[in-house]
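Structure assessment
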Amino acid sequence: MHIKKAVAALGAGALALGLAACGGSADNSADGAGNYVLTNGSEPQRPLLPADTNETGGGRIVDVLYAGLTYYDKDGESHNELAESIDLEGEKTYRVTLKDTKWADGTPVTAKDFVDAWNYAVENSQMNAYFFEPIKGYEDGKPLEGLEVIDDKTFTIELEQPEADFPQRLGYTAFSPLHPSAFDDMEAYGENPISNGPYKLLEWNHNQDAIVVPNEEYQGDRKAQNDGVNFIFYAQQDAAYADLLSGNLDVLDAVPDSALANFEDELGERAVNQPAAAFQSITINENEEHFGGEEGKLRRQAISKAIDREQITKTIFDGTRTPATDFAAPVIPGHSDNLEGVDVLKYDPEEAKRLWEEADKINPYTGDLEISYNSDGGHQAWVDAVANSIRNAIGIEAVGNAYPDFKSMLDDMDNDAVKGAFRTGWSADYPSLGNFLIPLYGTGASSNYARYSNPAVDALLEEAATAASPEAAAEKYNEVQKVLFEDLPAIPLWYSNVAGGYSENVENVAFSWRSLPVLHQITKN
């Protein structure tokens, strides 16, 4: 499978990645009128464009500004949104018929809006362009041969080959349409997009907050039940949690480490601690000295066995994390706890030291091992614990390296400028094992920050994509994971529960399978 490089993220596809930018309480009346739901957020890395946003800060805003063919409910089930029907014609062609819907300015949403948006993403190598790889004629810089507009309400999607889970992917925001005016100046449009989703953008105060208000033209299932949402960008999770306790924040999806032992007692029935489709890891670029080839494989295996996941999840996270047994998450269909090779994730300091010494025979290692992380995401405590575990087991100096915010670290990751190891992870875009594997480990894939390439993995990903059913595809994806356990392009750490809560000022709060609050259904008291 040739997955063209776009760049990307850790979950928008992504990664439940953290909080960012300024601290303090929110002004709940930015336009003098709104009684907004106040929630945590982070400064988007890029303009608010569906196919060019794949990190959490921008992703959670894009999710509510745009509506696509389908959407996922809180349990990960797919439902039609703008699509009246998506019908399979033959083995690999889908005929899409649209409902009568409008953009926030009253312009009808047409089939051309979808086709033009998807083609633009591919032609301009936007960050999520790889999602369109299954469509016939996918090549960087060229329109998609497999897309054809039939009329204003109908278009067809022809795939290169049958793919069992393709319709399941269409709820991801990369497949959203764009307003015709977007193509006049895409960057400017991304600063102030025209919505077709449940909310529209009122204002985006960079490095401070973003406010969205209900879109009166939206008539879908995600109709807003509140006056709007204010995404507040915090510098530290502790400040966000303090605001939650004091009633100055309504919903928080990331309790800081310092509060994990007590938040359920402090919030009572307003505390949330539930499994989510989120995965945490550390990664080392294979182009780094000492981390390529056989030497690199030995060192990554050594580091993995040097990490005491059980102890760290118990002492740092107070039961809100579970040690990983694969490269996905337990809530994803097809997950397994006993894949071949999983022993590399078991703490074994003696074996870790032996493996490191084997690598030293190839090329002696000198200096420190840095583990970079974004300090706005509440990661310092566990990074320090992981570094200490590695130091004690292997005998090298492992240290944390803090970036001020996730955007800064992601920019350096995109440019291969992060030295040593760095925190990575993934929050699912759609409920499939493939979503945890294709974007991160396929050759040239958008979030492949390890710069990993293995023809065997690419071939298995191809076989999974063409499997006869999602269940058959899951079996192939688990074969991919067996190879990943040997190579360790990323070192799995643990699965994240969503550990959050809400204030007494709101009701009807639920968190989705992706660990995010279902914003449109929240009501203010």
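Whatever comes next refers back to the structure up there.
For the structure given in this document, a descriptive report is provided here. Each chain carries its own residue numbering, running from 1 in the written order of its sequence. With the structure being a predicted model, the display of local features is reserved for residues of pLDDT at least 70 and the display and counting of side-chain atom pairs for 80 or more, all residues being used for whole-chain, interface and lining totals. Excluding hydrogens and water, the side-chain values take into account all heavy atoms of the structure.

A separate point is the sheet that holds strand β6 (residues 147–151). Strand order in the open sheet made by the four strands is β4-β5-β7-β6, with antiparallel pairing throughout. Of all strands in the sheet, those with a lone pairing partner are β4 (83–89) and β6, marking the two edges. Within the sheet, the average angular offset between the axes of one strand and its neighbour, ignoring direction, is 20°. By definition, two strands form a pair when at least two bridges between them are found by DSSP. Strands are runs of DSSP state E lasting at least 2 residues, helices are runs of H or I lasting at least 4, and numbering of each runs from the N terminus. Here β4 runs beside strand β5 (residues 93–98); their pairing, made up of six bridges, is antiparallel. Note on β5: the bridge partner recorded for I86 is V96. Under this scheme, a helix contributes an axis fitted over its contacting stretch, all axes are lines through C-alpha atoms, and angles between N-to-C directions fall in the 0 to 180 degree range.

Okay, a negative patch on the surface next. Patches in this entry comprise residues that are over 30% relatively accessible and not in a salt bridge; like charges within 9 Å are linked, as are nonpolar side chains (Val, Leu, Ile, Met, Phe, Trp, Tyr) within 5 Å. In short, Shrake-Rupley with a 1.4 Å probe defines the accessible areas, and a residue's cover is counted only from the protein chains shown. Any Lys or Arg side-chain nitrogen found within 4 Å of a carboxyl oxygen on Asp or Glu counts as a salt bridge. Under the counting rule used here, the positive set is Lys and Arg, the negative set is Asp and Glu, and His together with the chain ends is not counted. Charge positions come from single atoms, namely NZ of Lys, CZ of Arg, CG of Asp or CD of Glu. On the surface, D184, D185, E187 and E191 cluster together to form a negatively charged patch. Relative to the helices and strands, E191 is located in helix α4 (residues 186–191).

Time to look at the packing of aromatic side chains. Only Phe, Tyr and Trp rings are paired, with Trp represented by its six-membered ring, and only when their centres lie within 6.5 Å; those with planes under 30 degrees apart are stacked, over 60 edge-to-face, the remainder tilted. Within this structure, the stated rule accounts for 21 aromatic pairs. Seen in terms of ring centroids, Y120 and F183 are 5.8 Å apart; in terms of plane orientation they differ by 65°. Their pairing is edge-to-face. Here F183 lies in the loop between α3 (166–169) and α4 and Y120 lies in helix α2 (residues 111–123), a separation of 63 residues in the sequence. On the accessibility criterion, Y120 (22% relative accessible area) is partly exposed. Remark: exposure states derive from per-residue accessible area (1.4 Å probe, protein chains only) relative to the maximum for the residue type, with buried under 20%, exposed over 50%, and partly exposed in between. Judged by its relative accessible area of 31%, F183 is partly exposed. Centroid distance W382 to W494: 5.3 Å. Interplanar angle 85°. Geometry classified as edge-to-face. Placement of W382 in helix α10 (residues 380–394) and of W494 in strand β17 (residues 490–502) is noted, with a sequence separation of 112 residues between them. Take W382: its relative accessible area is 1%, and that puts it in the buried class. Aromatic rings pair up to connect Y94, F114, W118, Y130, F131, F132, F155, F166, Y172, F175 and Y430 into one cluster. Of note, R299 hangs over the ring of W356, and the distance from its end group to the ring centre comes to 4.5 Å. Two conditions define a charge sitting above a ring: the NZ of Lys or the CZ of Arg must be within 6 Å of the ring centre, and it must be within 35 degrees of the ring normal.

By themselves, these figures tell us nothing about what the structure is for.
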